[in-house]
Amino acid sequence: DTAVSQTPKYLVTQMGNDKSIKCEQNLGHDTMYWYKQDSKKFLKIMFSYNNKELIINETVPNRFSPKSPDKAHLNLHINSLELGDSAVYFCASSQGRASGRALYEQYFGPGTRLTVT
Amino acid sequence: GENVEQHPSTLSVQEGDSAVIKCTYSDSASNYFPWYKQELGKRPQLIIDIRSNVGEKKDQRIAVTLNKTAKHFSLHITETQPEDSAVYFCAASSISGGYNKLIFGAGTRLAVHP
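A brief structural summary.

Cut-offs and rules
- Counting restarts for each chain, with residues numbered from 1 along the sequence as it is written.
- To read the labels, note that chains go from A and ligands from 1, taken in the order they are written.
- Where totals are concerned, whole chains, interfaces and linings use all residues; where local detail is concerned, this predicted model gives features only for residues with pLDDT of at least 70, and gives and counts side-chain atom pairs only at 80 or more.
- Only hydrogens and water are removed before side-chain values are computed, so all heavy atoms of the structure are retained for them.
- A run of DSSP states H or I qualifies as a helix once it reaches four residues; a run of E qualifies as a strand once it reaches two. Both are numbered from the N-terminal end.
- We compute the radius of gyration over the C-alpha atoms and compare it with the globule rule, which gives 2.2 Å times the number of residues raised to the power 0.38.
- Only the protein chains shown count as cover for residues, with accessible areas throughout obtained via the Shrake-Rupley method and a probe of 1.4 Å.
- His is not counted, nor are the chain ends; Lys and Arg add positive charge and Asp and Glu add negative charge.
- Charge placement uses NZ in Lys and CZ in Arg. For Asp and Glu, CG and CD serve respectively.
- For every residue, the accessible area (1.4 Å probe, protein chains only) is compared with the maximum for its type, and the residue is labelled buried under 20%, exposed over 50%, or partly exposed between those bounds.
- Only heavy atoms enter the contact rule, under which two residues are in contact if any of them lie within 4.5 Å.
- Throughout, the accessible surface (probe 1.4 Å) given up by two parts as they are put together, summed over both, is called the buried area.
- Whenever Lys or Arg places a side-chain nitrogen within 4 Å of a carboxyl oxygen from Asp or Glu, that contact is recorded as a salt bridge.
- Identification of polar contacts relies on pairs of N or O atoms within 3.5 Å, with a donor-acceptor requirement for protein atoms, meaning one able to donate a hydrogen and the other able to accept it, and with residues adjacent in sequence counted only if both atoms are side-chain atoms.
- When DSSP finds two or more bridges between a pair of strands, those strands are recorded as paired.
- Axis lines are fitted to C-alpha atoms, over the contacting stretch for helices. Their N-to-C directions set the angle, which ranges from 0 to 180 degrees.

**Structural notes on the overall build of chain B**
Consideration 1: Across its full length, chain B carries zero helices and 11 strands.
Consideration 2: What you see in chain B, going N to C, is helices and strands ordered as β-β-β-β-β-β-β-β-β-β-β.
Consideration 3: What you see for chain B is a C-alpha radius of gyration of 14 Å, in line with the 13 Å of a compact globule of 114 residues.
Consideration 4: Summing over all exposed atoms, chain B offers an accessible surface of approximately 5,500 Å²; the carbon and sulfur share of this is 47%.
Consideration 5: Charge-centre separation for chain B: the mean point of 12 positive side chains lies 6 Å from the mean point of 12 negative side chains.

**Thoughts on unusual backbone geometry**
Consideration 1: Cis geometry is found at the peptide bond from T7(A) to P8(A), where omega equals -5°.
Consideration 2: With an omega dihedral of -5°, the bond running from H7(B) to P8(B) counts as a cis peptide bond.
Consideration 3: The topology assignment puts P8(B) in the loop between β1 (4-7) and β2 (10-14).
Consideration 4: The backbone of K41(A) shows a phi angle near 75°, a positive value even though the residue is not glycine.
Consideration 5: Structurally, K41(A) is set in the loop between β4 (31-37) and β5 (43-50).
Consideration 6: A positive phi angle, near 60°, is found at K71(B), a position not held by glycine.
Consideration 7: Here K71(B) shows up in the loop between β7 (62-67) and β8 (72-77).
Consideration 8: Using a relative accessible area of 26% as the deciding quantity, one classes K71(B) as partly exposed.

**Considerations on the interface of chain A and chain B**
Consideration 1: With 25 residues of chain A in contact, the opposing surface of chain B contributes 23 residues.
Consideration 2: Each partner contributes to the roughly 2,200 Å² buried at the junction of chain A and chain B, and carbon and sulfur atoms together form 56% of this total.
Consideration 3: Here E58(A) ties to K101(B) by a salt bridge, and the two come within 2.8 Å at their closest N and O atoms.
Consideration 4: There are four residue pairs in polar contact (both at pLDDT 80 or more) connecting chain A and chain B.
Consideration 5: Contributions of two or more residues to the side of chain A that touches chain B are made by β4, β5, β6 (53-57) and β10 (106-108) of chain A.

**Quick notes on the sheet that holds strand β8 (residues 73-78) of chain A**
Strand pairing in a sheet relies on backbone hydrogen bonds. The paired strands run either parallel or antiparallel.
All names here are of chain A.
Consideration 1: Sheet architecture is open: four strands sit in the order β1-β3-β8-β7, paired in antiparallel fashion. Where the open sheet ends on each side, the last strands, each with one partner, are β1 (4-7) and β7 (64-70). Between one strand axis and the next, the sheet turns through 20° on average, direction left out of account.
Consideration 2: In this sheet, β8 lies alongside β7 in antiparallel orientation, the contact comprising five bridges. Each residue of the ladder has a partner; that of P66, found in β8, is L76.

**Overview of the pairing of β2(B)**
Residues and elements named next belong to chain B.
Consideration 1: Of the two faces of β2, only the one carrying L11 and V13 is buried; T10, S12 and Q14 on the other face are not.
Consideration 2: Where β2 and strand β11 (residues 108-113) come together, five bridges link them in parallel fashion. Bridged to L11 within β11 is L110.

Put into structure tokens, the structure is as follows:
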């Protein structure tokens, strides 16, 4: 019955590898997000999708590629992992289209702790 | 670019005291200001939010105030309890390419001592 879920919870991998993180929400929300939380706890948005359409794409290296097969799922694929990619990655979702008018409450998943060695 | 500054970075109080965390935002178009609580190893959880048409909002021991003119907003926790110990994040909405996104402050680590 978890509202926003992510897999895996922990991911340890070596530099240069490619990995994916998956997110699913069962809240019926239209908009999903990926955030990166670094070692200093700073939370920064990376991407946002609304109903499978990419609407926010921050200045993130193009080694990061999000994909949304449907509005309940948002995945993040990372190519050629680097040490600096080590962080906790949070998925979040919110109701409604954040189209410059109402911005609705965002609910976060449990996070995926990525460690690149 | 858009920015949210949060102070203090750490706050230590005795149980029963009040705690106040302050944030300043740069984007005058911001109209939504949520506060999140993150316990160690857990996800950020929304605890209260305020929209720009309201100056103050209260929910039990938690209150948030907004001063749009000064671009300040604050979180007030009264009668603090040890379980209030966590990292608290403020955020402000900002429009990017026609869509709203949240810009987070750097967080305040609150420690409530019994």
